[in-house]
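# Summary of the model geometry
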Amino acid sequence: MAKIENGRQSADSRRIRTISSSHMDDESSLGSDSEINGFTNDRHTDKYGFIGGAQQYSEESAQDVPPEVLRQREVKWLDMLSNWNKWMVKRHKKVRLRCQKGIPPSLRGRAWLYLSGGKVKREQNRGKFEELDSQAGDPKELDVIEKDLHRQFPFHEMFVSRGGHGQQDLFRVLKAYTLYRPEEGYCQAQAPIAAVLLMHMPAEDAFWGLVQICEKYLPGYYSAGLEAIQLDGEILYALTRRVSPLTYRHLEKHKIEAILYMTEWFMCAFSRTLPWASVLRVWDMFLCDGVKIIFRVGLVLLKCMLGTREKLKACQGQYETMELLRSIEPRYMQEGFLVREVLEVPVSERDIESEHHVQLKRWRKNHGELHWKSPPRMHGARAIMASEPPSRQDLRQNPTIIVESPLPPPQPTPQLQKGEKKGKEEKKKGSMKTHPPVTEIPNPYNLPGDPKLPLRDPQLPLRDPQLTLRDSPVQKPLVNDTPLPNTPKDSHLPQQPALNDQPALNDQPVFNDQSLLKESPLQKSRQSLSSTEADHQDTYL
């Protein structure tokens, strides 16, 4: 087994290629993400994608939101994401409140990317991830990353198989980060952070989300020596004295340093500690308000497990205390209970920064200057946006699936009013009118230089006389691709008004006897359904 030094795994064992499914061994996790291991008939996946393990969904650990409430929240979040800059600047308290209530699952990935500033970072560095992904990377770093892949959420359907798509994307994201920050390299605790992001967004977005968490939310956590996490451990220890004096005295009595129990909590943002419903709620608040949420969760767990004399009777020493903190009671990690307690903890950004200043002075006195100069910590989405103001283009949302249609729905045939007299006069003059009106439908997506569209066969009935362009936002092409015959030039018909006597589409005449076209087949609708063809598109709605 590989050695652990300063929270990092050394590359001293044989290289194991996990990108190929042919190198499966006994250590590989059960199951597969695409029927690789043949357990598809027996496996039951919960709504979060877990097939087992302690983080699988249960009614005791989560609180379900009614579908109608989710739909209302989705509408509100869609409005916020469409006007993100305005909401963050003028109505940030409302954004925070909605994050505390929980981001709708269908929009969680996109909201996380906006909250963390990853969306802006991605737009300002177009092509950077593809460039890093195409590079080979440091063999030593790649060896350590590959050994860690199967350890990340082995009971989740996305990462359950060796060489599956989830592990491949996780490898790409972690490798890209080692190339993006070669002086920092890879740390084992980065893998679960990247894995959580990959469960909600594509690899490129997950990479920029990881960059923002490592550089803005938790700077210095994953650097050599782990000095930043040790400092935050001292801050947590000092804040415990204010929140739960009884817990503080117990930890002080048995000389239990915070680094012994809070390292995985903080470095993995509780992603490997809490039930999954609670993890998602904690991350919703964490990416909105910053690291103070992580401190509050840690303080709540310490207070619940060690905050009463009855509980301390069972903890007569350091070993018993550590065992208690490693197996936290499920009722204290339940989603509803934990979120309520976290919101009531009286710890703010100012408290954390004030205590950070005190602990930094003490560190310099006892250990000298820090070896790793990390950038200043940003406390939440608003601070990140203020430090790097985005442009309107950076926040613009682009759909992934674009369906273009050369033809809108056919116009209905309303009752003639003013045109009735003209029709009667034409009959009297002997004009030929033995078929329904011919409708020329303009192409709303017509590009410069494109030929005009042919007219509809006068013998074909209209597809849906009740549907107009105003009734449907999606332009549907005609069902068949049959060439249309020429339309006689002696057909003089009145312009057909749109439904409810409104002007016709684009205020163009529906029929023009001077612009009849020759016979030509209808153009098929062009569809782009590949997310790889639409650069930097949001694919996770």
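Let me begin by describing the structure that accompanies this report. Note that the structure is a prediction, hence the values are computed from the model and not measured.

Further remarks concern the packing of aromatic side chains. Under the counting rule described, the total for this entry stands at 18 aromatic pairs. Residues phenylalanine 153 and tryptophan 276 carry aromatic rings whose centres are separated by 5.3 Å and whose planes lie at 80 degrees to one another, so their mutual orientation is edge-to-face. On the criterion of sequence distance, the pair formed by phenylalanine 153 in the loop between helix H7 (139-148) and helix H8 (165-180) and tryptophan 276 in helix H14 (residues 276-289) is long-range, its members being 123 residues apart. There is no split in this pair, since phenylalanine 153 and tryptophan 276 are both buried. An aromatic cluster is built from Tyr261, Trp265, Phe266, Phe270 and Phe295, whose rings are joined through pairwise contacts.

This part takes up the packing of helix H11 (residues 227-243) against helix H15 (residues 292-306). Between H11 and H15, the least distance of the axes is 10 Å, while the angle of their chain directions is 55 degrees. The pairing of H11 with H15 is recorded here as oblique in orientation. Every pair of crossing elements has a handedness; the one defined by H11 and H15 is right-handed. On H15, the residues touching Asp232, Ile235, Leu236, Leu239, Thr240 and Val243 of H11 are Phe295, Leu299, Leu302 and Lys303. By residue class, the composition of the contact of H11 with H15 is seven nonpolar, one polar and two charged.

Summed over all chains, the structure comprises 26 salt bridges. We note a salt bridge from arginine 377 to aspartate 232, for which the minimum N-O separation is 2.6 Å. Here the residue arginine 377 occupies a position in the loop between helix H20 (349-367) and helix H21 (381-387), and aspartate 232 occupies one in helix H11, the gap between them amounting to 145 residues. A salt bridge links glutamate 323 to arginine 326; the shortest N-O distance between them is 3.1 Å.

As a further point, take unusual backbone geometry. A positive phi angle, near 45 degrees, is found at phenylalanine 153, a position not held by glycine. On the basis of relative accessibility, which here comes to 6%, the residue phenylalanine 153 falls in the buried class.

Attention now goes to the nonpolar core. In terms of nonpolar packing, the biggest core is built from 117 residues, with Trp84, Phe207, Tyr261 and Trp283 touching the most fellow members. Considering every element that reaches this core, the biggest residue donor is H15, with eleven residues. Contact partners of tryptophan 283, with chain neighbours within four places excluded, come to Trp112, Ile193, Val196, Leu197, Ile213, Cys268, Ala269 and Ser271.

Close contact between H14 and H15 brings their axes to 8 Å; oriented N to C, the two are set at 135 degrees. Relative to H15, the element H14 is oriented oblique. Of the residues in H15, those touching H14 at Val282, Met285, Phe286 and Asp289 are Lys292, Ile293, Ile294 and Val297. A class-by-class count of the residues in the contact of H14 with H15 yields six nonpolar, no polar and two charged.

Basis of the calculations
Residues numbered from 1 in each chain as written. Predicted model: local features only at pLDDT ≥ 70, side-chain atom pairs only at ≥ 80, totals over all residues. Heavy atoms only, no water. Phe/Tyr/Trp six-rings, centres within 6.5 Å; stacked < 30°, edge-to-face > 60°. Helix = DSSP H or I, 4+ residues; strand = E, 2+ residues; numbered from the N terminus. Buried < 20%, exposed > 50% of the residue type's maximum accessible area, 1.4 Å probe, protein only. Axes fitted to C-alpha atoms, helices over the stretch in contact; angles between N-to-C directions. Parallel < 35°, antiparallel > 145°, perpendicular 65-115°, else oblique. Left-handed = near helix turned anticlockwise from the far one by under 90°. Contact = heavy atoms within 4.5 Å. Nonpolar A, V, L, I, M, F, W, Y, C, P; charged D, E, K, R; others polar. Salt bridge = Lys/Arg side-chain N within 4 Å of Asp/Glu carboxyl O. Core = buried A, V, L, I, M, F, W, Y, C linked by side-chain atoms within 4.5 Å.

In short, geometric facts, not functional conclusions.
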